[in-house]
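# Structure assessment
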Amino acid sequence: MRVLISILLIALFSVFAEQHWAWWSIAFIAFLLPLLLNLKPAAAFLAGFGGIGLFWAVTAVVKDNANEHILSQKMAVLFHLPNYFLFIVVTVLIGALVGGLSGLTGSYIRRMF
Amino acid sequence: MRILRAIILLIITAGFIYVLDNPAGSLPAIGRLLDPVNGCWANAEPVDANFTFDLQLNELHHPVKVWFDDRMIAHVHAADDHDLYYTEGYIHAYFRLWQMDMETRAAAGRVSEVVGGKALKFDRTQRRKGMVYGAENSLQAIEADDRTKEMMDAYTAGVNTYIATLRYRSMPLEYKLMDFEPENWTNLKSALLLKYMADDLTGYTEDIPLTFLRDMLPKGEFDMLFPERLKDSRPVIPAGTAFEAPSLGIPTAPNDSIWWHFKAGSIAGTLHRETEGKGSNNWVLSGAKTKSGAPILCNDPHLGLNLPSLWYEVQLQTPDMNVYGISLPGAPGIVIGFNDSIAWGFTNNYRDVKDFYAIKAIRPGSGDPVAYWYDNKQVPFKVKIEKIAVKDGDTVIDKVNYTVQGPVIYDENFPGPGDIKTPMALCWMAHRGTNELLCLYLLNRAHSYTEFMDAIMHFECPGQNMAYADKAGNIAIWGQGQFINKWKEQGRYIMNGATSTTAWGDLIPMRENPHVLNPAQGFVCSANQTVTDSTYPYWYNGYFYEFRAWRINHVLDSMRAATVEEMFALQNDTYSILAANTLPVMLKYLPADISDAGKAYADELKGWDYRLTPESKAATMYQVWWSYLYAGFWGKRFKNVPESLWPSPELTMEMLQSYLANDTAKTGLQHVADNVKSSYNETVDSLNKLKKAPGLEWYKVKNTTVAHLTKLSAFSYDDLKIGGWENTVNAAKSNHGPSWRMVVQMSKQTEAYGVYPGGQSGNPGSKYYASFLQYWVEGKYYKLLFFPNDTRQDAKQIKYTWTLHP
């Protein structure tokens, strides 16, 4: 339950963060929340991974649908990927990994003391 | 332990983010790029994006309306010139900023700054050519005229207003991929863009290779194989047109040693000419030859096929002007188009306005030369220090010496073609301070032939064949540009730069340029062929092509009651004059003892209609065979000389024809029958290979590609199903071809059609990025929406509206 709420909160705060700061501000959200909520390492990773992954996935899919894959198809070719869907997957994975690692870091730092 | 664990993970995470936020080599910053909010996904323009909005732009004098039709053509209505060009700048930047930036960087030799050392040679060449020097001279001329100064200032302000709104999120995708940012626009950048066009259209030169060939061949043979003009040319100004007596005396060649020579035994293995010829077609039919009784003007300028397209289609209105056509993103005004009274179109004129001078440098001891001999005096070089910034590298300093003639483009530090180390100074019309923008300003507003002439007297470089039609029924063509009154052969070869006797002389008054108004034949036509017959009093040379002009003249000669549809067909015509005149000879000498595969190909060729249509296999067979045959004729004689320096295909064709007529070897071609046979054997081998991949269809072998300026294939379109070649009217080569096709019928209600291989948006993520491409490939046209000059328009024809408030 705490993980699920954390995922939603991270996603929500990240939306706000990216409106104002550079893309890597998401790392601070995914880092701070598990630290403050004192999540266990596995839960923290999951919260960051899921939170940022969710946010980036929803954003990318919404934009891609509105764009009818015009851009994603071209970017897929640029990245030597077979189709646009995999380009979305790569996008989401990058964000999710940044979130997961940040969450884990937050949890470990809390556990330092 | 826990502390160590946390710190290690912190470092890993921070490192991961650092890597994602920083470009590595040619790879962009992946995290920043993929971020769905600000990265590339921000450039995924919704297909139903609403472009209607209100905007406050403080620098405007009055409100401005911009109407977009369903093809996203912008129709601008402004109250004065300032507001018009300010808005045009804003629109160009809004849709095409990155391209404007790159093209002006390319002109100025500043590409290394954003792509790294791989562009260094290109940048050095641009600096040594004197591109910035020429642009600065022109900028002075532009700013010295109140009209063009206001035009340019307003345009630049409009571009900068848009640039100021940009954040990383809203930047064109290419900036994100290449990891740099736009800088402020300046009037100089627009001047650079105009010089970029001048370089594209007059930069081609044969002075160096012709010097080599002249030195290599006996005079008789050289004169026969490399004639100044082909005797059967159908010139731009119809043969027999009377020219006025020249106001200047025709100079005679000086007696001193005026030429520079290659050292005996030099090898020309690295000499090269460009292979992608630059061509264009325009023609105008008088009302006597059209069905409607109104003149029809057609134009298709051939340029490099790129995305974002070189052109941006637009209509511009102020209370005293209403003009429609194609504009160059990066410069104000309309280049080719029509207004409510006249229509005009350009093709490249190709008279030689770029000459080389061999410089006798003087060096103090062992260092770089500091001066040169000129009329037996020592004259110090003017030195321009060129600093070339290189991305991820040290700034490179190049020293360019200037003589009285111009910049020394080649020397020991930067050898020229054929490894020429003798310093070569460049004298080029594009270096001069000319104001072509004033021509466009006046042309856009011209209502009569007199006003058209007044306008084009300001178009000095690049020289263009300017076709004209008006609603009064007049048609005309001018071989326009600023030219020098030269002595015979001046500037055809590398000249001795140590004497003032070889220097460029007087300017030919532009009113004396070759032209014709309402010729008896009822039409005018240019397709980069020789400008005049030999009765034109002033001497000139140039790089002329004849095939397309032959074809167009031939079709128009017999045309009666022409319609716009017939004009579409002619612009898309793929009939090969070369094939029609050479294939019968080739087939005649084809021996009987050939393989079965060879017989099958020959049978297909016998039934061919000489059209290079996309799916034609015979077209491929002929093109391959011709290239082997051509190599057979000239390859041995011109060993070590690249193919593009061989006698022209036009001349080779005429030799083959006369060979056939006389059936003798006296016509200059040796062993025709042997060459036909051996080239056919090579052809059959090649065709057998091509058959497996990519297939024998002409479009597959030719592979016409419209490439993004970065050459990234992801943003390019290849394998386009289009016919033609450089020698057919539809001159679609591999990466070069018709950059805009336009047909304008000057009836009471102007009827205009057009298409270009691209789209109005420069954003690869927009549905308007290449939206016209398929129509272009298929030879279809859009009817151009020419709004009346009014503050209100028919709402049914408008999809989006910008309302701009001061």
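What you are looking at is a predicted structure, and each value in this text was computed from that prediction instead of being measured.

A few words on the overall build of chain A. When you go through chain A residue by residue, the secondary structure sums to five helices and zero strands. Each helix and strand of chain A, placed in order from N terminus to C terminus, yields the pattern α-α-α-α-α. Dimensions along the principal axes, computed over C-alpha positions, put chain A at roughly 50 × 25 × 25 Å. Sorting the 113 residues of chain A into buried and exposed places 52% on the buried side. Counting contacts in chain A only where the partners sit at least 6 residues apart, residues at least 24 apart contribute 76% of the total. Summed over all atoms, the accessible surface of chain A reaches about 5,300 Å², with 78% contributed by carbon and sulfur.

The subject of this paragraph is the sheet that holds strand 17 (residues 408–410) of chain B. In sheet architecture, strand pairing relies on hydrogen bonds along the backbone and comes in two forms, parallel and antiparallel. Residues and elements named next belong to chain B. Within the open sheet, the four strands sit side by side as 17-18-11-21. Their pairing is mixed. Sheet topology places strand 17 and strand 21 (495–496) at the edges, where each strand pairs with a single neighbour. Here two bridges tie strand 17 to strand 18 (residues 424–428), and the two strands are oriented antiparallel to one another. For tyrosine 410, the partnering residue across the bridge sits in strand 18 and is methionine 424. Lying on the sheet, helix 5 (residues 120–129) is in contact with strand 17 and strand 18; it crosses strand 17 at an angle near 145 degrees.

We now examine the pattern of salt bridges. Residues and elements named next belong to chain B. What the rule picks out here adds up to 36 salt bridges over all chains. A salt bridge links arginine 234 to aspartate 557; the nearest nitrogen and oxygen atoms lie 2.8 Å apart. Here aspartate 557 lies in helix 14 (residues 547–557) and arginine 234 lies in the loop between helix 11 (219–225) and strand 4 (280–285), a separation of 323 residues in the sequence. For arginine 234, a relative accessible area of 28% translates into the label partly exposed. Owing to a relative accessible area of 34%, aspartate 557 belongs among the partly exposed residues under this scheme. Salt-bridge contacts for aspartate 573 lead to arginine 611; the nearest nitrogen and oxygen are separated by 3.4 Å. In this pair, aspartate 573 is assigned in the loop between helix 15 (564–571) and helix 16 (577–588) and arginine 611 in the loop between helix 17 (596–606) and helix 18 (617–634), connecting sequence segments 38 residues apart.

Further remarks concern empty space enclosed by the protein. Residues and elements named next belong to chain B. Overall, the coordinates contain eight cavities of 30 Å³ or more when judged by the stated rule. Roughly 270 Å³ of volume is contained in the largest cavity. Residue composition of the lining of the largest cavity, grouped by class: 15 nonpolar, five polar and one charged. By volume, the second largest cavity is sized at about 80 Å³. As for the second largest cavity, its lining consists of 13 residues, of which Leu201, Thr202, Tyr350, Arg351 and Val353 are closest to the centre. Residues of the lining of the second largest cavity, tallied by class, amount to six nonpolar, four polar and three charged.

Before going further, it helps to examine the sheet that holds strand 13 (residues 371–374) of chain B. All names here are of chain B. Strand order across the open sheet formed by three strands is 12-13-14, with antiparallel pairing between neighbours. Every interior strand has two partners, whereas the edge strands, strand 12 (361–362) and strand 14 (377–380), have only one. The pairing of strand 12 with strand 13 spans two bridges and is classified as antiparallel. In the strand pairing of strand 13, alanine 361 is matched with tyrosine 372.

One can find tyrosine 84 of chain A in helix 5 (residues 84–110). For tyrosine 84 of chain A, a relative accessible area of 27% translates into the label partly exposed.

On to the side chain of aspartate 64 of chain A, then. Examined against the element boundaries, aspartate 64 of chain A turns out to sit in helix 3 (residues 41–66). Buried and without a salt bridge, aspartate 64 of chain A has lysine 74 of chain A as its closest oppositely charged side chain, separated by 11 Å. Among the polar contacts listed, one links the side chain of aspartate 64 of chain A to the side chain of histidine 69 of chain A, at a separation of 2.7 Å. Apart from residues no more than four positions distant in its own chain, aspartate 64 of chain A is found in contact with His69, Ser72, Tyr84 and Ile88 of chain A together with Trp41 of chain B.

If you look at the interface, chain B gives 41 residues, while chain A gives 38 residues. For the pairing of chain B and chain A, the buried interface totals around 3,500 Å² over both sides, and the portion due to carbon and sulfur atoms is 75%. There are zero salt bridges connecting chain B and chain A. For the interface between chain B and chain A, the tally reads 14 residue pairs in polar contact (both at pLDDT 80 or more). In terms of residue class, the side of chain B that touches chain A is built from 26 nonpolar, six polar and nine charged.

Moving on, we get to a nonpolar patch on the surface. All names here are of chain A. Together, Leu8, Leu54, Val58 and Val62 line one region of the surface with nonpolar side chains, adding up to about 350 Å² of accessible area. Broken down by element, the nonpolar patch gets its largest block of residues, three residues, from helix 3. Here valine 58 is to be found in helix 3. On the basis of relative accessible area, valine 58 is assigned to the partly exposed category, the value being 47%.

Turning our eyes to something else, we now look at the confidence of the model for chain A. Per-residue pLDDT for chain A averages 94, and the proportion of residues at 70 or more is 100%. Mean pLDDT per element in chain A: helix 1 (residues 2–20) of chain A is the minimum at 93, and helix 4 (residues 70–78) of chain A is the maximum at 97.

Definitions and cut-offs
Residues numbered from 1 in each chain as written. Chains lettered and ligands numbered in written order. Predicted model: local features only at pLDDT ≥ 70, side-chain atom pairs only at ≥ 80, totals over all residues. Heavy atoms only, no water. Helix = DSSP H or I, 4+ residues; strand = E, 2+ residues; numbered from the N terminus. Buried < 20%, exposed > 50% of the residue type's maximum accessible area, 1.4 Å probe, protein only. Contact = heavy atoms within 4.5 Å. Areas by Shrake-Rupley, 256 points an atom, 1.4 Å probe, with all protein chains shown as cover. Pairing = 2+ DSSP bridges. Axes fitted to C-alpha atoms, helices over the stretch in contact; angles between N-to-C directions. Salt bridge = Lys/Arg side-chain N within 4 Å of Asp/Glu carboxyl O. 1 Å grid on protein atoms, 1.4 Å probe; cavity = no way out; pocket = protein on both sides within 12 Å on 5 of 7 lines; lining within 4 Å. Points joined across faces, edges and corners; volume = space filled by probe spheres on them. Nonpolar A, V, L, I, M, F, W, Y, C, P; charged D, E, K, R; others polar. Lys, Arg positive; Asp, Glu negative; His and termini not counted. Polar contact = N/O pair within 3.5 Å; in protein donor to acceptor, adjacent residues only side chain to side chain. Buried area = accessible area lost by both parts, 1.4 Å probe. Patch = residues over 30% accessible without salt bridge, like charges linked within 9 Å, V, L, I, M, F, W, Y side chains within 5 Å. pLDDT = per-residue confidence, 0-100.

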